[in-house]
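Below, each chain spelled out in residue letters.
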Amino acid sequence: CRSLSSLQALKALNLSDNAPFSLKISSALSASLRCLTNLQELRLCRNSIQGEGADAIACSLVQLQEAETIDISQNRFTTLPVGLSYACPKLTRFDVRFNPWSSPQPWIMAKNTFQIKESMYNMHVN
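Just so it is clear, the structure is predicted and the values come from calculations on it, not from any experiment.

Chemist: How should helix 1 (residues 23-33) be read in this particular structure?
Modeler: What sets the pattern is the α-helix's 3.6 residues per turn: residues three or four places apart point alike. Residues Ser26, Ala28, Leu29, Ser30, Ser32 and Leu33 constitute the buried set of helix 1. Tucked into the core, helix 1 has its buried residues touching strand 1 (12-14), strand 2 (41-43) and helix 2 (51-60).

Chemist: What should I look at first to understand helix 2 in this one?
Modeler: Residues Gly53, Ala54, Ile57, Ala58 and Ser60 constitute the buried set of helix 2. Along the axis of helix 2, the buried residues cluster in a sector spanning 160°; they form a single face. Those residues of helix 2 hidden inside the fold are in contact with helix 1.

Chemist: Looking at this structure, I do not really get the sheet that holds strand 4 (residues 93-95). What am I missing?
Modeler: The strands that make up a sheet pair up through hydrogen bonds in the backbone, lying either parallel or antiparallel. Sheet architecture is open: four strands sit in the order 1-2-3-4, paired in parallel fashion. Edge strands, defined here as strands with exactly one partner in the open sheet, are strand 1 and strand 4. Within the sheet, the average angular offset between the axes of one strand and its neighbour, ignoring direction, is 5°. Where strand 3 (residues 69-71) and strand 4 come together, three bridges link them in parallel fashion. Its bridge partner lying in strand 4, Thr69 is registered against Arg93.

What counts and how
Each chain has its residues counted from 1, running along the sequence as written. Under the rules for a predicted model, residues below a pLDDT of 70 receive no local features and side-chain atom pairs below 80 are neither given nor counted, while totals for whole chains, interfaces and linings still include all residues. As a rule here, side-chain values cover all heavy atoms of the structure and leave hydrogens and water aside. Think of it in three bands: with a 1.4 Å probe and only protein chains considered, a residue is buried below 20% of the maximum accessible area for its type, exposed above 50%, and partly exposed in between. Helix and strand assignments follow DSSP, with helices taken as H or I runs no shorter than four residues and strands as E runs no shorter than two, numbered in order from the N terminus. Contact between two residues is taken to exist if any of their heavy atoms lie within 4.5 Å; hydrogens are not considered. The directions from the helix axis to the C-beta atoms form the arc being described. If DSSP finds at least two bridges between two strands, the strands pair. The convention used is that axes are lines fitted to C-alpha atoms, helices contributing only their stretch in contact, and that angles between N-to-C directions extend from 0 to 180 degrees.

These figures come from the coordinates and say nothing about function on their own.
Shown next as structure tokens:
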């Protein structure tokens, strides 16, 4: 993942279906995401991302100011950074289904702060 940070012009990154993500991989991806400021699409679904790795990646999402699509569904994320709604103003598709959310609840955050079309917002909480 460290080599990802050298791809600053990267527009789309699909790392779905690469389970399980270890803490080492999640931490490296988190560091790389901070450099990928032009990324418009991030797909990380079905990777069993959990614990500290999930927290690190979630915190890095605020760096994706150009993101239009983020898919972190079917992992083990429990929280999202509160500033995410302001940091990603172009976000139109945010798939967070099938994660064991604790706080803040993503559907509350989305309805209050995201400018996301209801039909594009895929939310399901187990």
